[in-house]
Amino acid sequence: MISQNEDFDHAPWDVGGGSDDDKLHEECGIFGVLGVRDAAATAALGLHALQHRGQEAVGITSFDGQEFYSRKGIGHVAANFSNISAIAELPGTMAAGHVRYSTTGGAGLRNVQPLFADLASGGFAIAHNGNISNAMFLKRDLVRKGAIFQSTSDTEVIIHLVATSRYPTLLDRFVDALRLVEGAYSLICMTPLGMIACRDPLGIRPLVMGKMGDAIVFASETVALDVVGADFVREIEPGELVQVDLDGNLSSHHPFGKTDARPCIFEHVYFSRPDSLMGGRSVYQVRKEIGAQLAIESPADADLVIPVPDSGVPAALGYAQASGIPFELGIIRSHYVGRTFIQPSDGARNADVKRKHNANRALVAGKRIVLIDDSIVRGTTSMKIVQMMRDAGASEVHFRVASPPTEHSCFYGVDTPERSKLLAARMDVKAMAEFIHADSLAFVSIDGLYRAVGEAQRNSARPQYCDACFSGEYPTRLTDLADRENPDQLSFPVDKVA
Ligand code: SF4
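Remember, it's a predicted structure, so these values are computed and weren't measured experimentally.

Here we look at the UniProt feature "binding site: Mg(2+)" (unreviewed entry) in the protein
Alright, step 1. Under the present numbering, the feature "binding site: Mg(2+)" (unreviewed entry) in UniProt falls on Ser 311, Asp 373 and Asp 374. Spatially, the listed residues are clustered: although they cover 64 residues, their C-alpha atoms lie within 7.0 Å of one another.
Alright, step 2. Relative to the assigned elements, Ser 311 resides in the loop between β17 (304-307) and α10 (313-323).
Alright, step 3. If near-sequence neighbours (up to four positions away) are discounted, Ser 311 is found in contact with Lys 23, Tyr 270, Asp 373 and Asp 374.
Alright, step 4. Note on placement: Asp 373 falls in strand β20 (residues 368-373).
Alright, step 5. Among all residues touching Asp 373, those that are not within four sequence positions of it are Lys 23, Val 308, Ser 311, Gly 312, Phe 399, Arg 400, Val 401 and Ala 402.

Dropping the structure here:
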């Protein structure tokens, strides 16, 4: 009997397990390079540029033409891969790596990617950004057939599906496996024959390709190409598999046919680094444009525009330029905040927020301010920042948000609190303004957001992006969630599994 409660460490329903800081978190960044000396050193540098996508753990796997080598660690890239001996453990001209934001701390190193397995065809390493929304459904069947899972990562399902596919070539087995998988995946895989990079048919999570001399580079974001000195070539297309052999010969495959893409629109709002290009657009410019749309849609009579740093800065610049209200740094952010800190139990009001952000009192006192942030999740941080501004003497605080209300959880690889904890799922805008004690509160409209990313408006019949955390319109089936919500009507009843 297979336990119905057997869980993945970031299963679709296990949202928000580890996030206590009132921000959404991207859960992973991936990087791969083939055809360069000391590929692991390049991978470490690339992963360092993707550190914002996951800070809890990091892993790199390399291949020297004979053997695979792997090193994993908890914490930042610099803490695990900055010394020569760490890189010396990973010889070879091909390497892939992964940074991870963990929603649970208990699983330790066994869930740190790249995951590796010895298949009949040889070694197989896989690094995954995204989330498989039918992983539990697939795992239940695989376990029934005798599969023994080594981790609680949804990614391991892909390894078992590749291992058990009956197709003759590894590429065919890989495609066969992916046909069964639903949800979001950008993948970088290594085999003894080379590297495979691919995106799910909707291209929900990003993946780009670059060149560095004769070497091929794949990364979650273009910033990693910049940092390692690679030239951006193009994005991996939704549903595309790019195969590179050990001599650097490239082939492109579209086994799922062409579908309209639905990339994550929140990458533009918050997750990606502002110095990346996403969908051919500068993330920084898009964020400024969101701020400009916000100023047009929701003006405020105020003296200063102040960003909640760092993520609110580009949108605040856009708001200031469009409104003519001066931009000022009214909140200063500490860059030395560790994750563990003993909270004073006495009356040190808002100490957790103040550790990270502090009011620039001399600037704010007596002023009517517009605060700009990228999103409101639970609302607790927003409330504390508004109070911080009032304590510093602000006479009015108008809160403007560079995304529509986040009303729904993400099931595609972003750590979101469960829906009942999302402020926008519990309250309308007026009640939210009262909750955070703002004089006024406004969010950019969904069409304003689409205009900022270059669309005339959102196509309601077929949205151009995944915007499910705002709209609730998920672009894929959510089989595991449906099974969990209706355990009596499992979409794949266990007693009927072959
Ligand atoms: S639900 Fe939101 S965060 Fe998740 S992929 Fe879609 S737009 Fe991005």
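As for the sheet that holds strand β2 (residues 28-34)
Alright, step 1. Taken in spatial order, the 7 strands line up as β4-β3-β5-β2-β11-β10-β12 in an open sheet, and their pairing is antiparallel. With partners counted over all chains shown, the strands left at the sheet margins are β4 (68-74) and β12 (231-235), one partner each. The sheet shows a mean angle of 15° between the axes of neighbouring strands, taken without regard to direction.
Alright, step 2. Sheet topology places strand β3 (residues 57-63) next to strand β5 (residues 94-100); 7 bridges connect them, and they run antiparallel. The partner of Gly 59 across the bridge, within β5, is His 98.
Alright, step 3. Against the sheet, helix α1 (residues 39-49) engages β2, β3, β5 and β10 (208-212), with an angle of about 150° to β2.

Some details on the pattern of salt bridges
Alright, step 1. Going through the model one piece at a time under the given rule, you end up with 20 salt bridges.
Alright, step 2. The closest approach of N and O atoms between Lys 258 and Glu 237, which form a salt bridge, is 3.2 Å. In this pair, Lys 258 is assigned in the loop between β14 (250-253) and α8 (266-271) and Glu 237 in the loop between β12 and β13 (241-245), connecting sequence segments 21 residues apart.
Alright, step 3. The exposure class assigned to Lys 258 is exposed, which follows from its relative accessible area of 68%.

Considering empty space enclosed by the protein
Alright, step 1. The final tally for this structure, using the stated rule, is 2 cavities of 30 Å³ or more.
Alright, step 2. Around the largest cavity sit 17 residues that line it, and Cys 264, Phe 266, Cys 410, Cys 466 and Cys 469 are the ones nearest its centre.
Alright, step 3. Of all the elements in the fold, those that place two or more residues in the lining of the largest cavity are α8 and α17 (468-471).
Alright, step 4. Per-class residue counts for the lining of the largest cavity are 14 nonpolar, 1 polar and 2 charged.

Brief notes about helix α5 (residues 156-164)
Alright, step 1. Of all 9 residues in α5, 7 are buried; the element is thus mostly enclosed.
Alright, step 2. Turning to α5, its buried residues are Glu 156, Val 157, Ile 158, Ile 159, His 160, Leu 161 and Val 162.
Alright, step 3. In the core, the buried residues of α5 are packed alongside β6 (115-119), β7 (122-132), α4 (135-144), α6 (170-179) and β8 (183-191).

Conventions we followed
Residues numbered from 1 in each chain as written. Predicted model: local features only at pLDDT ≥ 70, side-chain atom pairs only at ≥ 80, totals over all residues. Heavy atoms only, no water. UniProt positions renumbered as here; feature names shortened; annotations may be inferred. Helix = DSSP H or I, 4+ residues; strand = E, 2+ residues; numbered from the N terminus. Contact = heavy atoms within 4.5 Å. Pairing = 2+ DSSP bridges. Axes fitted to C-alpha atoms, helices over the stretch in contact; angles between N-to-C directions. Salt bridge = Lys/Arg side-chain N within 4 Å of Asp/Glu carboxyl O. Buried < 20%, exposed > 50% of the residue type's maximum accessible area, 1.4 Å probe, protein only. 1 Å grid on protein atoms, 1.4 Å probe; cavity = no way out; pocket = protein on both sides within 12 Å on 5 of 7 lines; lining within 4 Å. Points joined across faces, edges and corners; volume = space filled by probe spheres on them. Nonpolar A, V, L, I, M, F, W, Y, C, P; charged D, E, K, R; others polar.

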